[in-house]
Each structure stands twice: as structure tokens, then as C-alpha cells.
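Spelled out, the chains give:
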Amino acid sequence: MQKLIKTLISNCPEDTIQFAKDLSKTIPFGSTIFMVGDLGSGKTTFTKGFAAGLGFSNKVQSPTYPILNEYSHRNNFIYHFDLYRLKSISEFLEIGGIEYLSNTNGICIIEWPELINNFDIEKKFKIHFKVNKSDSSRTIEVYK
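Here the structure is a predicted model, which is why all the values come from computation and not from measurement.

Here is what the cut-offs are and how they apply
Residues numbered from 1 in each chain as written. Predicted model: local features only at pLDDT ≥ 70, side-chain atom pairs only at ≥ 80, totals over all residues. Heavy atoms only, no water. Helix = DSSP H or I, 4+ residues; strand = E, 2+ residues; numbered from the N terminus. Rg over C-alpha atoms; globule rule 2.2 N^0.38 Å. Buried < 20%, exposed > 50% of the residue type's maximum accessible area, 1.4 Å probe, protein only. Contact = heavy atoms within 4.5 Å. Areas by Shrake-Rupley, 256 points an atom, 1.4 Å probe, with all protein chains shown as cover. Lys, Arg positive; Asp, Glu negative; His and termini not counted. Charge placed at Lys NZ, Arg CZ, Asp CG, Glu CD. Polar contact = N/O pair within 3.5 Å; in protein donor to acceptor, adjacent residues only side chain to side chain. Phe/Tyr/Trp six-rings, centres within 6.5 Å; stacked < 30°, edge-to-face > 60°.

### Details of the overall build of the protein chain
- When its secondary structure is counted, the protein chain shows 4 helices and 7 strands.
- Reading the protein chain from its N terminus to its C terminus gives the helix and strand order β-α-β-α-β-β-α-α-β-β-β.
- For 144 residues, the compact-globule formula gives about 15 Å, and the C-alpha radius of gyration of the protein chain, at 14 Å, lands near that figure.
- A burial count over the protein chain gives 47% of its 144 residues as buried.
- When contacts within the protein chain are restricted to residue pairs at least 6 apart in sequence, long-range pairs at least 24 apart make up 63% of them.
- Roughly 7900 Å² of accessible area belongs to the protein chain as shown, and the carbon and sulfur atoms make up 50% of that amount.
- For the protein chain, the distance from the average position of its 17 positive side-chain charges to the average position of its 15 negative side-chain charges is 5 Å.

### Some thoughts on the side chain of Asn-69
- Within the secondary structure, Asn-69 is located in strand 3 (residues 68-73).
- In terms of polar contacts, Asn-69 uses its side chain to reach the backbone carbonyl oxygen of Gln-61, at 2.9 Å.
- A polar atom in the side chain of Asn-69 sits 3.5 Å from the side chain of Tyr-71.
- For Asn-69, the contacting residues outside a window of four places in its chain are Gln-61, Ser-62, Pro-63, Ile-78, Tyr-79 and His-80.

### Quick look at the packing of aromatic side chains
- Overall, the coordinates contain 8 aromatic pairs when judged by the stated rule.
- For the ring pair Phe-92 and Phe-119, a centre distance of 5.9 Å and an interplane angle of 70° mean the geometry is edge-to-face. Of the two residues, Phe-92 sits in helix 3 (residues 89-94) while Phe-119 sits in the loop between strand 5 (106-111) and strand 6 (124-131), which places them 27 residues apart along the sequence. Residues Phe-92 and Phe-119 agree in their burial class; the two are buried.
- Among the aromatic side chains, those forming a connected cluster through ring pairs are Phe-77, Tyr-79, Phe-81, Phe-92, Tyr-100 and Phe-119.

Below you can see the structure in the form of C-alpha cells.
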């Protein structure tokens, strides 16, 4: 069972970006981050801040249509997946999923990770995003 390690109530995208920048300095390369939350809850905004915090200057975009966006900086990588449209684990394997997960110079950030929930991943973090209906803020919880 994963343990809650950080929580943020984000009142604006800038809060989410700063939180992600700070968090990026505590998550080592070779890790995988599962991001769970409804559409529009801040997952891609978080990824923008996370990448910026590690010095990536690439323009981070949602991977909804391409399924995977790759970003590089020096000899490090961020692999930003959206598994929503994949129907089976074999589709994940066909796009090289295992190779991405095992790259020690990369961090995999995976939106809609339910398809691979049962994979044994050593350095796994889970981040829950929830829109608070009362004031449109977001609650972001990080588990390790």
C-alpha cells in the first residue's frame, strides 16, 4: 500500500506548476508516476511544471492523441503517456512500454494508468487530482 507523502490545495494553474517544480527535485530518474484524476483536473499542467523543474524546455502538451510524448534534456527523458485509448496490455507492450518503464535516465508520467496498475514497478509514485466542486480548487495528493 502506498503512503501519502504530500498534499496541495491548488487555487490556480500557477500553484500546480510550482508544486510540480518542487516535487520534481525529489523524484529520481528511473521512476514512474501514475496520475489519476478526471479530465481537466490538472494532470498536464502538473507535467508542464514537473518538466520545467528538471530543466526541460520542451513545450509540454497533452498526450491524448499521440498516446506518448517524449521530452529530452541532456541525457535525461520524460515519457508522458496517456493510456486512455489503449484497449489491452499488449497494445502498451507493442509501443515499447516496458523499455520506457525500465529506462533509468527517464521518468514515465502516465495518465489513465489503470491498464498497467498490476505491473510490478519498483520506483512508483501515484498522484491523485481532484476538482473541489465548492470553489474549483484542486486537491493534489502524492503517494509513494
